[in-house]
Structure formats: C-alpha cells, structure tokens
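# Per-entry structural report
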Amino acid sequence: MAGAIVSIVVERLASLTNEKLNPSSRRNQVVNNQIQKAQRELELLSSYLEDPNARQSDDEGVIAAIRDAACDLEDVIASFLLKEASNRNGSSMKIIAKRFACSCIGVAADRHKTVSEIKRIMVQLSDLSSSLSSYDIARLEAGIVYATFGPRNQLSWLTFSDDTDHIVNDSERVFYLTRHLVQEQNSPRVLSVWGMGGVGKTTLAKRVYNYDMVRQHFDCLAWVCVSREFQSRDVLQEILTQLISATDEQLRELAKMNAKEIETRLRITQKTKKCFVVLDDIWTCEAWDSLNLGFPREETKSKILLTTRDEQVALHADRKGLIYKVQPLTDPESWKLFEKRAFSRRDNEDSISEKESLGKKMLESCSGLPLAINVLAALLASKNRVVEWRTMSEKVEEYLRGHNGSDVTSQVMALSYDYLPERLQICFQYLGNFPEDYEIPVKTLTQLWMAEGLIAPISPGSAANMEDASYSYLDVLVERCMVQVVKYSLTGNIKIIRLHDLMLELCRKKAKRDNFLHVVNSSEAKEIQAASFNKVRRLAVRLDGIGHELAPPSDEKHVSLRSLLFFVRGHYYSDMYRKLMRSLCKDFKLLRVLKFEDMKAEPDIELPSNIGNLVHLRFLSLKNSEIKRLPSSAANLVCLETLDLRCVEWVSVKIPNVFRKMAKLRHLYLPLNHRVTVTEKLSLATLHNLQTLVNISSQDCDLKDLIVLTNLRKLVLHAWGPTEFETLEKIMKDGGITFRHLRSLSLVTVNGNGDIPTHIVLGCPDLLKLQLYGRIKEFPEDHQFSNLTKLTLEETDLQDCHIERLEKLANLKVLSLGMGAFKSETMVFSEGGFRQLQFLSLLGLCELKEWTVERGAMPSLYSLHIGYCWGLRAVPDGLQHISTLKELTIKRMYREFCNRLGEGGVDFDTISHVPSVTITNIR
C-alpha cells in the first residue's frame, strides 16, 4: 500500500504546484528546482513500490519509512506554497501566512528553511531507497519508467453486479423465533441467539424484527447495536428514544437525564406498552447486567431478543429464556449461496465444470459460514479464467491452513483484501475511522475520501468526475462483500453502508500495521495521553460523555495530524466542546479533515475566532451542532471542498461573507435557520466548482450568482418574502436562462410567503428530484419532466387535474404528498397511471375523504405510507390488485380506520396479500 500512498503524494504535489507555484519568480527558483527533483524521485519510487514483483524481498519497515518520509515532504512543500501564495495574493492571504507560520523571520528565511527541509528528507529517502533490493536497477531504467509514467489509476478493474441478495432462505428459523415472541402465555422474556462470528446471527435477528407478525403484535420496537465499546446509559437512551419516537424536545430532555432516570423511564415504558427490543452483539455477561437495569423484572408483555458470540452470555441473560444457536449452513445450502455469486458471470461455458470442482474444494474451507462464503464467492466472481481459479484455490489453502471457526472468515476476508488494488485498500482502511456498527452515509464518505486525496479522477486532469470515481470505488467494495449496504435511496443508489464487525477488525488491523490511522476512546483519556503515536496522521476519537476534556496532545507526536474525526455518542450537552475546539484551532494547523458533529452546549457554542488557522482544511463538518456563528476568519479556509454547517433548527446561526475565495468548494450546506451578519450579501459567483448548495435565499446572496454556477447539481432555495421567487423568475426570463445542469431542486416558501412561479421549475428540464413546499401557480405537463424520478410536494394546493398530469410521468418512482399538497375531498389514480411508481407517501392530507385506485394503476408499487390523513375513511379497494405491494405503513390514523384493516375487518381482504403491514400511534 506504500506505493499508492506515495502516488497520492505525487498527485497532491502536482496539484499544489500547478495552482500556487510562481515559476517566473527568480527568488523561488531554488525552491522550484528542489520541489521538481522531489517530485521526480517520488514518481520513480511510486512506480517501483506499486510493482510487487520488483520488491518481494524488501523490508516492509523500510517501505513504511519511505511512505512516512514522502508524507513529511508533502507537509513541508504544502506549507511553503501556501506562504508563497500569500505573498503573491495580498493582505488577506498574508494574514493566513502570519497565523500559519510558527516562527516567521522573513520570506527569505522561509525559502532557506524549506530548501533545507526538502534536502534533508531527500537524503533520508535516498538512504532508505538504496536498501531496497532492486531499486538501483529501476533507477538505471528511469528513462523508461518516466516515459511510461502517467495515470495509473484507470478504473478498468472496476466491474459491477446489480445482484446483492445472497442470503439463504431461513423462514423456518424466523417463524420458530417469532412464534415464541408473539405467544401471550408462558412465553420467555428474553430470546438469546448465539453463534460464531459470521454465521448470520444479525441477519436472522433482522428478519425477525421486520417480520410482519412481529410488527403487528408489538406497539413499539427498538433495535440497538451494543458491540464491545459502549456506555450502558447511551444504549438505554437510544432504546427509549426509538420506543417513544422521541421529538426534538424530548431528545433535549433525555440528554439531561442521568442513568438512573433513563433506566426508570425505560422500565415504565415497557410496562405500559407492549415493546420489542433487539440488543445486537452483546460481548460479555457484565454488558448484559448493566443493560438489564433498564428492563422490568416483573411479568410484562414486552420482549427482548439479543445476539451474542458467547454461549455463556446467552445462558446468563435469562435462565428461563429461550436460547437458540445459529448453526452453520449445510453443504447444499453453502453451495447454493456460493454458486449464485461466484458464477454470476459465465463467460466460458467450457470451463464451468472445472471451476465447479475447484469451487467445491475451496468451499469446504469456509465451514458453512455465510459471511466467509459470500466474501470468497465475490472474489472468485471477478476471476473469469480457470487458471485464476486454480491460483485462488492454492491461495485459499495457504490462507486457511490450520484455521477453523470464525477465524476462517477472518482469513477469507484477508485474502479478499490482499486482492484489492492498492488504491482500494487505502479507501477500505479509511473505514476503520468509523465506530463499530456505525451507519456510514455514503455521500459523507466520498467527500472524506476526496478531501484526503484518496480518489483519482477517472480521466487524467479532470476534477469534475471525482464524485463518480468515488462511487465507483464504493461499488467494488460492495460487490466484494467488503462492506454491507444498509439502505438504498428511493431512486436505487447506495445511501448508507456499514462494516461487519469482523470486517472492521480486519480494517483496523491493516490500518494499524500501515500506521494509516488510529482510533481512541475518550474514556481511555489517561492511556491516550501517555501513548506514543509515531507521526499519527489520522485520528478518530469517540466522545462518550465522560471524557470530553480529551484532545489529542499538541506535541511533536501530533504535529503531522491531517485528519481528525470526532464521534459523539448519545445526546450530550457539554461545555468542554468549546475548550476542545479552541485547542484544535490553535495546535493542529495541518488538518485537512475535521469532522466534529453533534456538539451541543448550553446555551450554544461559540466557534473559536482563530478557526481560520486551519488553512489546509478540505473537509469541515459541524453538522447537528448548536453553533451561534461562523467566525469571519473562516474566509482563510481557501482549500475547503466540503463545508457542512447544517445545525439544529432552533439555533440561529450568523454567517459572514466568507465564501468569496473558497474557489475549490464543491459542497456547501448552510444552516436552515441563519442570517447574514454584514450589510452586503454573500458572494458566491466565484464558486465555479460548487455542486451542492443547500439552504440559500435571496436575502443571503444575489440570485444572479446562481447563473454562473454551471457545475451545480443540487440546489435548496428558500423564499422568505412573497417576491423572492418572482425575482429569480425575472432573471431567468430576461436572460433566457435554463438550468440544465441541475439534477435536484428544492423550492421552499417559508411560512407560506408567496407562490412558486412555474417558469422556475420549467427552467430546470433535466431534474431527477424535485421538492416543492408552497403553492405553485400551474404544475407543468408530464412531457416537460420526462426524467423526473422523485417528487415531493407540500402546501402546493393541487387539484384533480394535477393528479392526472402526475400519473403520466414516465419515470416517476417516488411520490410524497405532504400536508396541504392536495386540496380536494376525493382523489383518483386511474388505470395505467403511475406505471413506474414504487414508493408512495400520503401524509397530512387532512381534506381527503375518499381515495380511488382503479385496477391497473400503480402496477409497480412496493411501499405505501399513509399518515395523519384524518378525513380518509378507508384504504382504496384497488390495493388488492397490486401484487407488487410489499410494505404498508399506517401512522397516526383514527382507530376506526385502523380497525377496518385488522383480521375480520371490512378492509382486511384488501390488504391481506401485503407481507408487511405496520400500524403505529393509533389516534
């Protein structure tokens, strides 16, 4: 992996020098020459290190030292170039230089110091590289190497499959456990599911949790991942939050409760309601004892299901409970699972028989463990030739020799990892930053990868398709079963992923070996302060409510820190967040990534005025924090690519005009409730790379600035006054402007101020997603939005004629009609309408009394959600003809409406074919 790291450094230096180096400056010529020599040397080293055949016998310690030296070289050059740019660009950048330089005694001194540092590191690299087994030969062939050196990051190795479901049918096991959960008499309080890692405990528990019989039986449900690193108060609070569907106000209340108060309230909830709680992945008996304090001991109708690897934990949880061991798959089940994925490509039918023989031999080593089988099969699916399968068979035997049980899964995963390209190995290791069982938003992950420089563009020199390349990398990890998909977006894209705990163990192990990142817990503050981290560049810190005083020690061990990710457990309010932020802005000026979300304090948090010290930042996220203002020094953050300031709604954030020089900005998320702090508006016209702009209004900026943002793909625009959207409409009409580049548009009239002009919507003809919150004068014709796949409407006052237009949208897959979206007592979905619709949500249509679905309407519907439609008397008869309908969710509807859906009810036959029917919060 060292070769890929050095290659990334080369790319960063090329980018930095192209943008900031002044080649015409004679004063900088000496520095220029040294930087160019360093780049050439790193290019050669990168080519050599990425060739495993050339360095099979090399000392890994030497290679690791080369990697670290290359990163040090980048730090020195990046710092100098930033100072050089400040001298060239004027006073604002000079402020950056003054704040960044620890001891600036003059520009000449800076140049001299930089040259000396570069020479020192180059000598170190030379000494290290000379000890490599064949590097001298490579140097003699440098002309050939340089001639062929170029983009080594082509994505030709990216191959994909849409097939992601490889789980063996276990309906008998699901029904067995469900029967014990729902029976009223003599049923166990606790059901314990245990088995070795990778055997499928969580998969089985999820199927039970989502089984329609379970969801109909219990009033409320909660699922929490316990894992090894947990605080019992946090887990119990999360259970209570899910059981009561906590509002924002209730969350604030719970955050201020102590552990005893949480335990008491949770017990009361389970006594008064019929609750079902899943505790996934409990490791010790002590962990169960601490959590059991939140569950009632006396007889209730509430139930618990836990999963664990340890039989003793299962026995200890409840002697009267049900203990179920998940057995490995049988040979026929294993082959069925393996065959479906491993033979997904049958390019050469003549070789299938030998492949099958090799596959069965390798399969024996997997011990019937589904995770191991999936990972191995996914790896083999990328090998089309028999000779490759023969090689893999030898490798499997080598990796698995002497291993058994869950260790088999770990070894198979290690084999799959070793066959990843080095770039992907780095991206996979980066996932080790995230806590166990953490649900990782894909958009955030790709932004982090890009900020770290881990992603190479698909086309050399192109930055526009970096996001596409990031998603391509992720697709490979998903196909290889290295990550699990938690949630797809309603339009079919991967939205949230997670790592199996065994995969996370592998990830952390590899990252620790390569000194790529470190993970610490604030509860271990003393140990962390005493630990010796050798040039830590990436650090992930878990804040769990008892160690908020923790900050990485600002000494020589951390001066090279590049990435700092904080993960706040639970809903805590702590004044220590302020101190921690001050420390970060003062001491860690090489940071490229700072993720510090969910910061909450009373009354709110003041960001340090010296946040502009972090001039190397590419990614800054303060999402869901209670910050009161963005300091004006943020204007110094000229390298930012992602800035996420979305905070809780009840906090008003002051935003100064700081974005003008952030030319690299690609994603800007402003707070929903914010106000500009200067007389002039925010300047956005220079942000030509901007792709995402969320929560902007004409009060914030000149709407003419939007016209020049031709890379913009997502726009969320608010109108606080009745004429704001009319101003944008006039600009578009007068200039003949069409926003063909937009793919996602949200138009929001705040507090019902004014209408949404139809012309704005028509001026964005290639939209895939459209959200309208406010009255629209005339909804467009269906042919004007042929690409639209997702539509969300609220307060639009649509009439019957508009429904007729909506149902003709050829590609519409998701439709959400919210409060005030439709103003009529009757609604008709006609035959042949909504042909592609898969997800339909009707929420808050208070005037709707009768809904008719003709036979042949919505033939592709998968999920239907009805809530707060208090005038609706019954579900439509036409639902019984929609065979594709799998999920029906009813929320906050009158009891008379819900009773009609129960067994024996008037409408039971209409929805009896739907596998999952969930009715909650009956009014």
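Keep in mind that this is a model prediction, so the values were computed, not measured.

### A word on the overall build of the protein
Broken down by element type, the protein carries 31 helices and 29 strands. Here the protein, with 923 residues, has 57% of them falling under the buried criterion. Taking the contacts inside the protein whose residues are at least 6 apart along the sequence as the reference set, 68% of them involve residues at least 24 apart. When the accessible area of the protein is evaluated, it comes to approximately 38,600 Å², of which 48% is carbon and sulfur surface.

### Considerations on the packing of aromatic side chains
Counted by the stated rule, this structure contains 20 aromatic pairs. Geometrically, the ring pair formed by F434 and F567 is edge-to-face, given 5.6 Å between the ring centres and 65° between the ring planes. Here the residue F434 occupies a position in the loop between α21 (422-430) and β6 (440-441), and F567 occupies one in strand β11 (residues 563-568), the gap between them amounting to 133 residues. With a relative accessible area of 2%, F434 lands in the buried category. Summarising the aromatic geometry, the rings of F829 and W851 are spaced 5.5 Å apart at their centres and angled 75° between planes, so their arrangement reads as edge-to-face. Here W851 lies in strand β26 (residues 850-853) and F829 lies in strand β24 (residues 826-829), a separation of 22 residues in the sequence. For the pair F829 and W851, one class covers both residues: buried. One aromatic cluster is present, built from ring pairs that chain together Y209, F218, W223 and F276. Sitting over the face of the ring of Y209, R215 holds its NZ or CZ atom 4.9 Å from the ring centroid. The residue whose ring lies beneath K360 is W335, and the NZ or CZ to ring-centre distance is 5.2 Å.

### So, the environment of M362
Considering the arrangement of structural elements, one finds M362 in helix α17 (residues 352-363). Its relative accessible area of 1% is what places M362 among the buried residues. Spatially, the C-alpha atoms of M362 and V396 are 6.7 Å apart, while their sequence positions differ by 34 residues.

### A closer look at the nonpolar core
Ranked by internal contacts, the top residues of the largest apolar core, which has 129 residues, are L42, F276, F338, F428 and W449. With eleven residues, helix α3 (residues 60-89) is the single largest residue contributor to this core. Setting aside residues up to four positions removed in sequence, L42 forms contacts with V6, V9, V10, L13, A70, L73 and L125.

### Some thoughts on the sheet that holds strand β8 (residues 494-498)
Picture the strands of a sheet paired through backbone hydrogen bonds; they go either parallel or antiparallel. The strand order β6-β8-β7 describes an open sheet built from three strands, whose pairing is antiparallel. Two strands bound the open sheet, and with one partner strand each, they are β6 and β7 (484-488). Looking at chain direction, β6 and β8 are connected through two bridges and run antiparallel. Its bridge partner lying in β8, P441 is registered against I496.

### Description of helix α12 (residues 248-255)
Listing the buried residues of α12 in full gives L251, R252, L254 and A255. Buried residues in α12, looked at end-on, bunch into an arc of 165°, giving them a common side. Where α12 is buried, its residues meet α11 (232-243) and α13 (259-272).

### Some words on a positive patch on the surface
Judged by side-chain charge, K443, K487, K495 and K769 come together as a positively charged surface patch. Locating K495 in the fold gives a position in strand β8. Relative accessible area serves as the criterion here: at 41%, K495 is assigned to the partly exposed category.

### Here we look at the pairing of strand β23 (residues 814-817)
Residues V814 and S816 line one face of β23 and the alternating positions L815 and L817 line the opposite face, and both faces are buried. Note that strand β22 (residues 790-794) and β23 share four bridges and pair parallel. If you follow K790 over to β23, its bridge partner there is V814. Sheet topology note: the β23/strand β25 (residues 839-843) ladder contains four bridges and is parallel. Looking at β25, one finds that L815 is bridged to L840.

### Structural notes on the sheet that holds strand β5 (residues 322-325)
Read across the sheet, five strands follow the order β2-β3-β4-β1-β5 without closing on themselves; strand pairing throughout is parallel. Two strands in the sheet have a free side with no partner beyond their single neighbour: β2 (220-225) and β5. Shown here is a sheet whose adjacent strand axes are inclined to one another by a mean of 15°, direction ignored. Relative to strand β4 (residues 303-308), strand β3 (residues 275-280) runs parallel, the two being bridged by four bridges. Following the sheet pairing, F276 is matched in β4 by K303. Along the sheet, helix α8 (residues 171-182) contacts β1 (190-194), β3, β4 and β5; its crossing angle with β5, the most-contacted strand, is approximately 170°.

### Quick notes on empty space enclosed by the protein
Overall, the coordinates contain eight cavities of 30 Å³ or more when judged by the stated rule. In this model, the largest cavity occupies a volume close to 130 Å³. Lining the largest cavity we find 15 residues, and of these I5, C71, F516, R537 and R538 sit closest to its centre. Every element with two or more residues in the lining of the largest cavity is listed here: α1 (2-20) and α3. Here the residues of the lining of the largest cavity sort into six nonpolar, one polar and eight charged.

### Overview of the confidence of the model for the protein
When pLDDT is averaged along the protein, the result is 83; 85% of the residues meet or exceed 70. Of the regions scoring below 50 in pLDDT, residues 90-105 engages in 27 contacts with residues more than four places distant in sequence or in other chains. Under a pLDDT of 50 for its full length, residues 137-167 has, in the predicted model, 55 contacts with residues more than four places off or in other chains.

### What about the environment of K206?
The residue K206 is located in helix α9 (residues 201-210) in this model. For K206 and W223, which are 17 residues apart along the polypeptide, the C-alpha to C-alpha distance reads 9.0 Å.

### Observations regarding the environment of E261
For E261, the position within the fold is in helix α13. Using a relative accessible area of 40% as the deciding quantity, one classes E261 as partly exposed. Through-space distance from the C-alpha of E261 to that of R233 is 9.8 Å; in sequence the pair is 28 residues apart.

### A closer look at the state of the cysteines
All told, the structure shown has zero disulfides when counted by the stated rule. Free of any disulfide, C220 has its nearest cysteine sulfur in C275, 3.4 Å distant. Overall, C220 belongs to the buried group, its relative accessible area being 8%.

### Points about the pattern of salt bridges
Counted under the stated rule, the structure contains 37 salt bridges. With its nearest N and O atoms 4.0 Å apart, the salt bridge here joins R228 to E436. A residue pair is termed long-range when its members are at least 10 positions apart, and R228 in the loop between β2 and α11 and E436 in the loop between α21 and β6 qualify at 208 residues. Since its relative accessible area comes to 42%, R228 is described here as partly exposed. The class of E436 is buried, set by a relative accessible area of 14%. Note that E398 is salt-bridged to K395, the shortest N-O span being 3.9 Å. Taken as a pair, E398 and K395 lie in helix α19 (residues 386-400) at a separation of three residues, close to a single helical turn.

What counts as what
Residues numbered from 1 in each chain as written. Predicted model: local features only at pLDDT ≥ 70, side-chain atom pairs only at ≥ 80, totals over all residues. Heavy atoms only, no water. Helix = DSSP H or I, 4+ residues; strand = E, 2+ residues; numbered from the N terminus. Buried < 20%, exposed > 50% of the residue type's maximum accessible area, 1.4 Å probe, protein only. Contact = heavy atoms within 4.5 Å. Areas by Shrake-Rupley, 256 points an atom, 1.4 Å probe, with all protein chains shown as cover. Phe/Tyr/Trp six-rings, centres within 6.5 Å; stacked < 30°, edge-to-face > 60°. Lys NZ or Arg CZ within 6 Å of the ring centre and 35° of its normal. Core = buried A, V, L, I, M, F, W, Y, C linked by side-chain atoms within 4.5 Å. Pairing = 2+ DSSP bridges. Arc of directions from axis to C-beta. Patch = residues over 30% accessible without salt bridge, like charges linked within 9 Å, V, L, I, M, F, W, Y side chains within 5 Å. Salt bridge = Lys/Arg side-chain N within 4 Å of Asp/Glu carboxyl O. Lys, Arg positive; Asp, Glu negative; His and termini not counted. Charge placed at Lys NZ, Arg CZ, Asp CG, Glu CD. Axes fitted to C-alpha atoms, helices over the stretch in contact; angles between N-to-C directions. 1 Å grid on protein atoms, 1.4 Å probe; cavity = no way out; pocket = protein on both sides within 12 Å on 5 of 7 lines; lining within 4 Å. Points joined across faces, edges and corners; volume = space filled by probe spheres on them. Nonpolar A, V, L, I, M, F, W, Y, C, P; charged D, E, K, R; others polar. pLDDT = per-residue confidence, 0-100. Disulfide = S-S within 2.5 Å.

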